[in-house]
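# Commentary on secondary and tertiary structure
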Amino acid sequence: MIRYLTAGESHGPELTGILEGIPAGFNISKKYIDSFLQRRQKGVGSGGRMNIEQDEVLISSGVVNGVSTGAPIALRILNKDWKNWKDKDIDPYVVPRPGHADLVGTAKYNHEDIRLVLERASARETAMRTAIGAIAAEVLEELGIEVIGYVSAIGGITYQNNIKDKIERDKVTESDVGCPEAATSKLMEEEILSARKNKDTLGGSITCVATGVPATIGSFVHWDKKLDAILAKQFMSVQSVKAVEIGKGVDIAKKFGTEVQDQYSLDGKKITKISNNLGGFEGGMTNGEELHITAYLKPISTTLTPISSIDLAEKIETETVYERSDTCAVPRAIPIFEAIMAFEILNNLLIKTGGDHKKEITQSFNNIPKLEINEFKIKNELWSMKYDVE
Ligand code: EPS
């Protein structure tokens, strides 16, 4: 229902995006999008580039007087660093960083300098994906749906919480590493600072929680309609991500069935669950619980300490040469995951509701099943399965 394309190089003039399919009548504000972009630039572990960029979005079509018109939305984010690059004699870049797209990307496109790969492979590209998803997040807010991300691990320091604990956005924002618990935040910050001191890099994990998402979004009838699978693909597509977990997926794989199923009970007319180990999905569909997804990011490939590589020009073994980068990109990546999660929730919600204008969408939204016992039309009588196969 909604789709987008992005373009832009990390040190080129600008990032460009086109978002199509946002229905008419929703408030879309530059201020709201900019708040996502600003959060993407903050956090302990950021590199020197973030002192240069103060990202803001320019909306040049599809939103008039602050309201979506239904037409494609065109977005631009200017790269302030461009002025430092446009007249520069750029040093050759001939030693690929293991773990980055450098080596394979250069072979794939037959480039004569590795920089052409890193320019597009760079996580700078996520600025535009964040802006696009922020629009989806603003639309979802009008329907009472919110996505909150937080840092759940930095290196070996993990924030241990219960999946039923409520995550408060203020606590996440107050923390310089994006972890809602002050004591763990401090340990995470120390871990990043120590990695920087040791000329190394660190990864970690970000968990996103979506509240207010109705049940029955996504589908079990075909593999490419399963919403948990769609979200896993989206999360996986963010630079550095090497694993994605839905709910407590990793833990429950080690336990018995009777220990981990989110068993049903009745709360008046409502069917509720005693736990949420499955992170809000059953059979690829939302089940009315909070959605929980965690992305695990590897440490950044650009390390201040040289590691073994190959000089592709001289064709000899050598060591990597340092290129300015972040020590740990996890804290500032929170809004990226919030944005892409919001995008796919909205996309799949619109597949369900249809509609070109907010009014139509709100009406169908209110008709989505609430998993109340009276909604079920189960007959409880004998029946047969007949097909025309003979
Ligand atoms: C990145 C390298 C750094 C990061 C960059 C991602 O950029 P630069 O090479 O200009 O120092 O700061 O992230 C961003 C610029 C951004 O906006 O997120 C990389 O190689 O992936």
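Here is a short report on the structure shown in this document. If you're wondering where the values come from, they're calculated on a predicted model, not measured in any experiment. One numbering rule holds for all chains: residues counted from 1, following each sequence as written. Two thresholds apply to this predicted model, a pLDDT of at least 70 for residue-level local features and 80 or more for giving and counting side-chain atom pairs, whereas whole-chain, interface and lining totals are computed over all residues. Excluding hydrogens and water, the side-chain values take into account all heavy atoms of the structure.

### Examining the packing of helix H9 (residues 227–236) against helix H12 (residues 334–353)
The line we're drawing: Here, axes are lines fitted to C-alpha atoms. For helices the fit covers the stretch in contact, and angles between N-to-C directions go from 0 to 180 degrees. Each helix corresponds to a stretch of at least 4 residues labelled H or I by DSSP, and each strand to a stretch of at least 2 residues labelled E; elements are numbered beginning at the N terminus. Helix crossings get a hand from a simple test, with the near helix turned counterclockwise from the far one by less than a right angle marking a left-handed crossing and a clockwise turn marking a right-handed one. In this description, contact between two residues means that some pair of their heavy atoms is separated by no more than 4.5 Å. Each residue gets one label: Ala, Val, Leu, Ile, Met, Phe, Trp, Tyr, Cys and Pro are nonpolar, Asp, Glu, Lys and Arg are charged, and the others, such as Gly, are polar.
With their axes 10 Å apart at the nearest point, H9 and H12 run at an angle of 150 degrees to one another. Read as a crossing pair, H9 and H12 show a hand that is right-handed. Within the contact between the two elements, H9 uses Leu227, Ile230, Leu231, Gln234 and Phe235 and H12 uses Phe337, Ile340, Met341, Phe343, Glu344 and Asn348. Its residues placed into classes, the contact of H9 with H12 shows 8 nonpolar, 2 polar and 1 charged.

### A few points about the site of the ligand
Going by this rule: Any residue with a non-hydrogen atom lying within 4 Å of a molecule or strand is treated as near it. Any pair of nitrogen or oxygen atoms within 3.5 Å is treated as a polar contact; in protein, a donor-acceptor pairing is required on top of that, and neighbouring residues in sequence qualify only through side-chain atoms on both sides. Surface accessibility follows the Shrake-Rupley procedure with a 1.4 Å probe radius. Residue values consider only the protein chains on display as shielding.
What surrounds the ligand is the set His11, Arg40, Arg49, Met50, His100, Ser122, Ala123, Arg124, Arg324, Asp326 and Arg332. Here Arg324 contributes a side-chain N or O atom positioned 2.6 Å from an oxygen atom of the ligand. When the ligand sits alone it has 460 Å² of accessible area, and the protein chains cover 93% of it. Class assignment of the residues belonging to the shell around the ligand gives a composition of 2 nonpolar, 3 polar and 6 charged.

### Some thoughts on the packing of helix H1 (residues 30–39) against helix H6 (residues 126–142)
Defined as follows: Roughly parallel means an angle under 35 degrees; roughly antiparallel means over 145; roughly perpendicular covers 65 to 115; every other angle is labelled oblique.
Two elements in contact, H1 and H6, have axes separated by 9 Å at closest approach and are oriented at 130 degrees. As the angle between them shows, H1 and H6 are arranged oblique. Note on packing geometry: the crossing formed by H1 with H6 is right-handed. In this structure, H1 uses Tyr32, Ile33, Phe36 and Leu37 to contact H6, whose residues at the interface are Ala127, Thr130, Ala131, Ala134, Ile135, Ala137, Glu138 and Glu141. Per-class residue counts for the contact of H1 with H6 are 9 nonpolar, 1 polar and 2 charged.

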